[in-house]
Amino acid sequence: MCTNLLVIGASARALAASADRLGLEVNAIDLFGDRDLRDVCSRVVQVSADAYPDDVPSIAAGFPAGPVVYAGGLENHIEVIEKLSRVRLLLGNHPRAVRLVRDPRFVREVACENGCAYPAIFFTSSKVPRDGTFLRKPTASIGGLGVVPWKGLREEPVRGREYWQQFVSGVPMSASLLVTQEGVELLGVCRQLIGMKWCYAKQFRFCGAIQLSSSLFQQQVLKQLHQFAIDLSRRAKLAGLIGIDFILPRTPIQARDHSPVILEVNPRPTATMELFERRTGRSQAGTHLASLGFQLPRESTTLQRQSNMYWGKAVLFANKSLDVSSSVERHLLKCSLRMTGCELGWPMVSDLPCSGTIIQPGHPIVSVFGCAESPRRALRVLRMHVSEVMQGL
C-alpha cells in the first residue's frame, strides 16, 4: 500500500485532501501552507516564493521515506522532478515525458496531426506583430501568471525562457483525462474562468472553472480531443491524470470549423479535477495512484457522495493588502458552513489562509465553490458565494 505520500506543488491542498480521504498518510510542501492543508497532513512545509522550487529537493529529504506526487507548477521545473525521482518513487510522469508535452512545438505537431488546431507561435520576438494579437508567455508560467499581450514592451520580468503565441478569441476550456495501460479516459470538460473581474483576477489569470455536460459539445470536438490525448500519451509515454487546456473558437481557425484549439498540456493532476471528485465521488488521488499500479485501501475504491449536481470553483484574489486576523478566519468558516450546497458534505470555502498571514494585492485568498442542477445555475451560485465572502473581508 502507498503510505507516507509526499505531495508537492504550488498548492498541494486539493490533491493532499483527496489522498487523505483514501486513508493515506500524507505530507506536503507548497507555497501557502493553508489551514485546511495542515488539517489533512502529518507535516507541512511552506516554502517562500524565492526558495520555490529550488529548495524543494533538500526540504523533501527531511520527510519520511515514501513516494512523491507533484501538483501544479512543478512540471515547469524538470530538474527538480529529476532530483526527486532519484531518491523517491515518483508517482507521476517522468522528466522525459514532461519535457516533451511542455514543448509547444511537440504539442503543435501532435495537435495538427489529430485534427485539432494550434495557434501560431514564435520563439523570438523579432518577427512577432506588436499589435496585441500575440501573447508573450513564460514557459514556466502557471495559471496564466506573466501572460501579457505583446506590444514590444516587457512589462513584467520573465524567469527562464518565453515564447509568443497567437491570441485566439473563444471560450477557454480544460479537459481532464486519465491515462492507464488500458487506454485514455475522458473524465470531463470544464469551462475555465480567466481574468474575471468578480474574482479580482488580472487579465489571463486562471481563477476557476465550471463543469460542463458532454451533451453541450459536438461529438466531433470530444472525439478530436480524445484522439489527440491518445496519440500524445502514446508518443510521450504519459501516465495518470493529465489536463489539456484548449479554446473553442468563436470563428474558424486554420480552416477547421469547430475544432478545439490546443493551448497546452499539464502532465499532472490539475486544479479543476476536484470538481469531478465532488460530482462523482471518484477520488482524483485514487485514480491517479491506481493508474500507476499502486494498491489502495479496498474501501477507497468505491464511489462515495455521488450526485447529479454541477460544481464550480472560483479563486478569489486580493484587491488590496489583507491581514488575515482571527475575525477573517471566523468569517471564512462561517461562509463555508452556511452556503448553498454545504449539505452535500463538501467544504464550500477551501485553501483557508492561516491567521497572521498577510496576503498581498493580486495574490490568491481562498477558493470558493458552488453547485446547482445546471452549469449556468452553478455559475450564478458561485458568483453569489464570492460576493458573500468579499463582503466580510
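Structural data are supplied above this passage.
Sequence order as written defines the numbering, with residues in each chain counted from 1. Reporting of local features is limited, given that this is a predicted model, to residues whose pLDDT is at least 70; pairs of side-chain atoms are given and counted only at 80 or more, and all residues count toward the totals for whole chains, interfaces and linings. Side-chain measures were taken over the full set of non-hydrogen atoms in the model, leaving aside hydrogen atoms and water.

## A look at the packing of aromatic side chains
As a reminder of what qualifies: Planes of paired rings set the category: under 30 degrees apart is stacked, over 60 is edge-to-face and the rest tilted, where pairs are Phe, Tyr or Trp rings (Trp by its six-membered ring) whose centres lie within 6.5 Å. The secondary structure listing takes helices from DSSP runs of H or I that are at least 4 residues long and strands from runs of E that are at least 2 residues long, numbered from the N terminus. Note on classification: 1.4 Å probe, protein chains only; a residue is buried when its accessible area is under 20% of the maximum for its type, exposed when over 50%, partly exposed between these limits. Look at NZ for Lys and CZ for Arg. If either is within 6 Å of the ring centre and within 35 degrees of the ring normal, a charge sits over the ring.
For the structure on display, the rule yields 4 aromatic pairs. For the pair Phe 167 and Phe 204, a centre-to-centre distance of 6.3 Å together with 70° between the ring planes defines the contact as edge-to-face. In this pair, Phe 167 is assigned in the loop between β8 (162-166) and β9 (170-180) and Phe 204 in the loop between β10 (183-194) and β11 (206-212), connecting sequence segments 37 residues apart. Judged by its relative accessible area of 41%, Phe 167 falls in the partly exposed class. Residue Phe 204 is classed as buried on the basis of its relative accessible area, which comes to 18%. The residue whose ring lies beneath Arg 278 is Trp 311, and the NZ or CZ to ring-centre distance is 4.8 Å. Positioned over the ring face of Phe 369 is Arg 278, at 3.7 Å from the centre of the ring.

## A word on the sheet that holds β10
Our working rule: Any two strands are treated as partners once DSSP identifies two or more bridges connecting them. Here, two residues are considered to be in contact whenever any of their heavy atoms come within 4.5 Å of each other. Lines fitted to C-alpha atoms define the axes here, with helix axes fitted over just the stretch in contact, and angles between the N-to-C directions of these axes take values from 0 to 180 degrees.
Across the sheet, which stays open at both edges, the 8 strands sit in the order β13-β12-β9-β10-β11-β14-β18-β16 with antiparallel pairing between neighbours. Pairing within the sheet leaves two strands with one partner each, and these edge strands are β13 (261-266) and β16 (349-350). Each of β9, β10, β11, β12 (240-249), β14 (310-317), β16 and β18 (364-372) touches helix α8 (residues 273-280); the most contacted strand, β14, lies at about 145° to it. Across the sheet, helix α9 (residues 284-291) touches β9 and β12, and the angle it forms with β12 is around 115°.

## Quick word on helix α6 (residues 104-113)
Rules: Regarding the arc, it is the one traced by the directions from the helix axis to the C-beta atoms. Nitrogen and oxygen atoms within 3.5 Å of one another constitute a polar contact, given that in protein one can donate a hydrogen and the other can accept it, and given that sequence-neighbouring residues count only through two side-chain atoms.
Within the span of α6, buried status applies to Pro 104, Phe 106, Val 107, Val 110 and Ala 111. Each buried residue of α6 sits inside an arc of 160° when the element is viewed along its axis, so together they form one side. For α6, the side-chain oxygen to backbone nitrogen distance between the N-cap and Arg 105 is 2.9 Å, and the N-cap itself is Asp 103. Directly beyond the C-terminal end of α6, a positive phi value near 80° is found at Gly 115.

## Quick look at the pattern of salt bridges
Pairing of side chains with opposite charge becomes possible as their charged atoms draw close. Basically, it comes down to this: Salt bridge, as applied in this entry: a Lys or Arg side-chain nitrogen positioned within 4 Å of an Asp or Glu carboxyl oxygen.
According to the stated counting rule, one finds 17 salt bridges in the structure shown. Measuring nitrogen to oxygen at the nearest pair gives 2.8 Å for the salt bridge that ties Glu 113 to Arg 235. Taken together, the residues Glu 113 in helix α6 and Arg 235 in helix α7 (residues 219-236) connect sequence positions 122 residues apart. The class for Glu 113 is exposed, based on a relative accessible area of 52%.

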